[in-house]
There are 2 protein chains.
Amino acid sequence: MDDVETRELRYFVAVAEELHFGRAAQRLGIAQPPLSRAIRLLERRMGVTLLDRTSRAVHLTPPGEVLLTEARRALDAVEAAIRRTRKAARTTPRLTLALKPGGDAGLLRTILDRYAASPGAVPVDLAFRVGERAAMVRDGRADLALLHRPQNDLTGLDSDDLHTEDQVVLLPEGHRLAERATVSMADLHGEPMPRWPEARPGVTGHPVTDSNQLLHLIQLGRLIAVVPESVGEYLPPGLISRPVLDADPATLVLAWSQTSTSREVAAFVRAAVAG
Amino acid sequence: MDDVETRELRYFVAVAEELHFGRAAQRLGIAQPPLSRAIRLLERRMGVTLLDRTSRAVHLTPPGEVLLTEARRALDAVEAAIRRTRKAARTTPRLTLALKPGGDAGLLRTILDRYAASPGAVPVDLAFRVGERAAMVRDGRADLALLHRPQNDLTGLDSDDLHTEDQVVLLPEGHRLAERATVSMADLHGEPMPRWPEARPGVTGHPVTDSNQLLHLIQLGRLIAVVPESVGEYLPPGLISRPVLDADPATLVLAWSQTSTSREVAAFVRAAVAG
DNA sequence: CCGTGGCGATACCTTGGCGGTATGGATGAC
DNA sequence: GTCATCCATACCGCCAAGGTATCGCCACGG
């Protein structure tokens, strides 16, 4: 196979995202002509036209669309390789656990204590992120993450279930559903819902980036949200929660990379599921 | 992140596999000194010692082991990107379906007919492989594969179940279990079992590469094997099958890449599950 | 203890190709 | 028609990848 270098893939991704050679070159920190040449060379070697260029506009061809997706994936894999290698070289191993603030259903304290008491335990760093937690595990920035099934995409990850709980809907006071003791998914149809970063493709809704923002938007009557009941236990004033009887239960899972061979990750998982 | 090129990863993988700079250089078609230099440069940029070298032997360090695994994965991703892009560029699309000879439980004829009758159907190439079918889908050599769950590792693949069947054990005539009408998994404990190429990590057993070889080895009394009952229907002389009552049923699945956006793959899957 | 052979590292040179600047050529806006 | 925009082409300089020759180290045979 004619060798394709990561540099060429990075160049292609930049152009494909910008759809503009000049801006892409600027983003890459090189001049435009070498970029044009590099892309043309890549196309010749692959024997495929990746971009339709007129002097007015640049478009991706269908194979170009494919390469954009696949090249991003390949570049992620290269980055993950480097990160995991560097991590493996650390003399003092540590674990990084990615989680959403408040997204541990109250279990984390026990898990951390139990892990810390196990032989060979290493320090655990907590990385609080709203979205991107699965991506962090995939590319090696985190060793473990607390995710929710089915909300998160667990592709490429191994996981163990920690806890399943029913879901509730968060409503502003005075909402038309606030008088009901319980609601069903059908009642929520048409209501504006949040879309978290890194949700599975196909999920639509109002983009939100953190939970305070979400609570604020609900309080203002702009959104409602379905969340695990443990999240709905302590709410700021102006918000109420109601059980959603027919919502799929949310399962809190502990996830880690399928490629992990780390003794520390295995020990942490053991501690987490032991209870 | 300091850019690492695929060339450097290929060089590292070659050295890590050969554990010998001279042979690795020969395999790569370059001279030994540039290879030594490239590896050293890679180590400096990553800030990690990957290889312990004495003038007598070369060993992988623990981070080197990690990089070997991860670099292979990353190189596979790059290759898959190129292959899928080229495939997408073909003016006359085709589908490639990887399957094990006889491993279709008799369903394939119907599926192919139904797909061929669907609008927009394209020619389907069949790739008969014993192992490696999942890998073919992952790296783009095949668009679809018939696999068995839980025997195959479906990581990175989407799949739909086609058919579930109970399993039987294949025995040579005169085997100690041959007189029994049925057996249980416990009865098979300690018996020599086959290990197919590309089995999930952790599965142990006598390596076999094709089904004729397997049948022959069973006939010779060297092995026994648990297989789906459709495989055990027509057996060469000297072999008998007995139901294994408590074996997990084997599910024949149709699998394809999670990253596939191909209209043709989607149509084939629809045709396959429609019945 | 001293050759000898095997192997990776070092030194030094050559060259391909990557990136830069200048400019051309096509196209749409007015 | 004129101008602006934007990608392609032409040409140049330089770095780094690859080649050859050689060194230094170590295991092994005698």
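Residues numbered from 1 in each chain as written. Chains lettered and ligands numbered in written order. Predicted model: local features only at pLDDT ≥ 70, side-chain atom pairs only at ≥ 80, totals over all residues. Heavy atoms only, no water.

**Q** Help me understand the domain arrangement of chain A, please; the structure alone is not making it clear to me.
**A** By a frequent convention, interface size equals the accessible area lost on bringing the separate parts together. Residues and elements named next belong to chain A. Taken as a whole, chain A is organised into domain 1 (6-88), domain 2 (93-162 + 251-273) and domain 3 (167-248). The gap between the C-alpha centroids of domain 2 and domain 3 is 26 Å. Looking only at domain 2, the three residues that lose the most surface to domain 3 are Val130, Pro150 and Gln151, adding up to 41% of its buried area. Our count for the contact surface shared by domain 2 and domain 3 stands at zero salt bridges. Our enumeration of links across domain 2 and domain 3 arrives at zero residue pairs in polar contact (both at pLDDT 80 or more). Here the residues of the side of domain 2 that touches domain 3 sort into four nonpolar, four polar and three charged. (Domains from an automatic or database assignment. Buried area = accessible area lost by both parts, 1.4 Å probe. Salt bridge = Lys/Arg side-chain N within 4 Å of Asp/Glu carboxyl O. Polar contact = N/O pair within 3.5 Å; in protein donor to acceptor, adjacent residues only side chain to side chain. Nonpolar A, V, L, I, M, F, W, Y, C, P; charged D, E, K, R; others polar.)

**Q** I keep staring at the relation of the copies chain A and chain B and nothing clicks. Help me out?
**A** There are two copies of the chain, and a rotation about an axis plus a shift along that axis relates them. Of the transformation placing chain A onto chain B, the axial shift is 0.2 Å and the rotation is 179°, giving an RMSD of 0.4 Å. What the rotation and shift describe, once combined, is the action of a two-fold rotation axis. When each C-alpha of chain A is compared by its distance to the rotation axis, A:Glu5 comes out closest, at 2.6 Å. Here 100% of the contact residues of chain A are again contact residues in chain B; the copies associate through an equivalent surface. (Least-squares fit on C-alpha atoms with pLDDT ≥ 70 in both. Contact = heavy atoms within 4.5 Å.)

**Q** For this particular structure, what's the right way to read the packing of aromatic side chains?
**A** What describes a pair of aromatic rings is the distance from one ring centre to the other and the angle between the planes of the rings. Residue and element names in this part refer to chain A. Under the definition given, this model contains two aromatic pairs over all chains. Measuring from centroid to centroid gives 5.1 Å for Tyr115 and Phe268, while their planes differ by 55°, and the two rings are tilted. Taken together, the positions of Tyr115 in helix H5 (residues 108-117) and Phe268 in helix H8 (residues 263-273) put the pair 153 residues apart, joining distant regions of the chain. For Tyr115, a relative accessible area of 1% puts it in the buried group. (Phe/Tyr/Trp six-rings, centres within 6.5 Å; stacked < 30°, edge-to-face > 60°. Helix = DSSP H or I, 4+ residues; strand = E, 2+ residues; numbered from the N terminus. Buried < 20%, exposed > 50% of the residue type's maximum accessible area, 1.4 Å probe, protein only.)

**Q** So what exactly am I meant to see when it comes to the confidence of the model for chain A here?
**A** Detailed reading of the predicted coordinates is not advisable wherever pLDDT falls low. Model confidence for chain A is summarised by a mean pLDDT of 87, while 97% of its residues fall at 70 or above. Within chain A, helix H1 (residues 6-18) of chain A carries the highest mean pLDDT (93), whereas strand S9 (residues 206-207) of chain A carries the lowest (78). (pLDDT = per-residue confidence, 0-100.)

**Q** What exactly am I supposed to notice about the interface of chain A and chain B here?
**A** Contact residues are listed per partner, giving 35 residues for chain A and 35 residues for chain B. Summed over the shared surface of chain A and chain B, the result is six salt bridges. A:Arg10 is paired through a salt bridge with B:Asp3; the nearest N and O atoms lie 3.6 Å apart. The interface formed by chain A and chain B contains 18 residue pairs in polar contact (both at pLDDT 80 or more). Counting residues per element, the ones that place at least two in the side of chain A that touches chain B are H1, helix H3 (32-46) and helix H4 (62-89) of chain A. When the residues that make up the side of chain A that touches chain B are grouped by side-chain class, the tally is 18 nonpolar, five polar and 12 charged.

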